[in-house]
Amino acid sequence: SLRPGERSGVIGLAREPDSYWIYEYTKTNGAAMGRRYSNKDEFLEARRFQVSSGDQPPSPELVYLMLVEDKRDARVRPLEEVRDEIEKTLISQERARLHKQWIGRLKAKNFVAYF
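Residues numbered from 1 in each chain as written. Predicted model: local features only at pLDDT ≥ 70, side-chain atom pairs only at ≥ 80, totals over all residues. Heavy atoms only, no water.

Engineer: So what's going on with the environment of Q101? Residues and values would help.
Structural biologist: For Q101, the location among the structural elements is in helix α1 (residues 79-109). Overall, Q101 belongs to the partly exposed group, its relative accessible area being 40%. Here the alpha-carbon distance between Q101 and R7, two residues 94 residues apart in the chain, equals 51 Å. (Helix = DSSP H or I, 4+ residues; strand = E, 2+ residues; numbered from the N terminus. Buried < 20%, exposed > 50% of the residue type's maximum accessible area, 1.4 Å probe, protein only.)

Here it is, written out as structure tokens:
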């Protein structure tokens, strides 16, 4: 929901044995909203904390501040736009595979000493 140039509030991360919490902190009263996720990143629960009444979340291990530099709509690039990149990647991978296979054959036929 942030626009370019805006900063987030403080975001904290607290881990538990089978899950983790992400907290959004307010400027005035500490953690306001917490969301719990499983270790497989599945949403489990959301909880609002009332720090003023003594309802405290676990202390976070990590704290983040985020700055939105740019915001673009998500899109899928058409195949024509990425075809050259894909071909270069596949050719490079095939060359590496063939080179490794060739070196393996040479090692099997010859004695190799490393210095």
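Resuming the write-up.
Engineer: Which residues make up the packing of aromatic side chains, and what are the values?
Structural biologist: Scanning the entire structure with this criterion turns up 3 aromatic pairs. Seen in terms of ring centroids, Y20 and Y37 are 5.6 Å apart; in terms of plane orientation they differ by 25°. Their pairing is stacked. Here Y20, found in strand β2 (residues 19-26), pairs with Y37, found in strand β3 (residues 30-38); they are 17 residues apart in sequence, far enough to count as distant. Like Y20, the residue Y37 is buried in the burial classification. Ring centres of Y37 and F43 lie 5.7 Å apart, and the angle between their planes is 70°; this geometry places the pair in the edge-to-face category. (Phe/Tyr/Trp six-rings, centres within 6.5 Å; stacked < 30°, edge-to-face > 60°.)

Engineer: Report on α1, specifying residues and quantitative values.
Structural biologist: Compared with an ideal rise of 1.5 Å per residue, which puts 31 residues at 45 Å, α1 spans 43 Å between its outermost C-alpha atoms and is within 8% of the ideal. In the structure, α1 departs most strongly from a straight axis at E85, where the bend amounts to approximately 25°. (Expected span 1.5 Å × (residues − 1). Bend = angle between axes of the 7 residues up to and from the residue.)

Engineer: Run through the pairing of strand β1 (residues 11-15), naming residues and quoting values.
Structural biologist: Two faces, one strand: in a regular strand the side chains alternate between the faces of the sheet. Buried residues dominate β1, accounting for 4 of its 5 residues. Where β1 and β2 come together, 5 bridges link them in antiparallel fashion. Residue A14 lies in a different strand from β2, and its bridge partner there is W21. The hairpin turn running from β1 into β2, its antiparallel successor, is 3 residues long. Sheet analysis places β1 next to strand β5 (residues 62-64), joined by 3 bridges and oriented antiparallel. Across the sheet, the residue bridging to L13 is L62, located in β5. (Pairing = 2+ DSSP bridges.)

Engineer: Summarise the environment of E42; cite the residues concerned and give the values.
Structural biologist: Mapped onto the fold, E42 is located in the loop between β3 and β4 (43-48). E42 sits in the partly exposed class, given a relative accessible area of 48%. A C-alpha to C-alpha distance of 9.2 Å links E42 and S19, two positions 23 residues apart in sequence. Sequence-distant contacts of E42, defined by excluding residues within four places in its chain, comprise R36 and Y37. (Contact = heavy atoms within 4.5 Å.)

Engineer: Talk me through the pattern of salt bridges; I want residue IDs and the actual numbers.
Structural biologist: Within the structure shown, the criterion is met by 10 salt bridges. Between E45 and R36 there is a salt bridge, with the nearest N and O atoms lying 3.1 Å from each other. On the accessibility criterion, E45 (30% relative accessible area) is partly exposed. Where R75 meets E81, a salt bridge forms, and the shortest distance between an N and an O atom there is 3.2 Å. Several salt bridges converge on common partners, so that one network encompasses R75, R77, E81 and E85. (Salt bridge = Lys/Arg side-chain N within 4 Å of Asp/Glu carboxyl O.)

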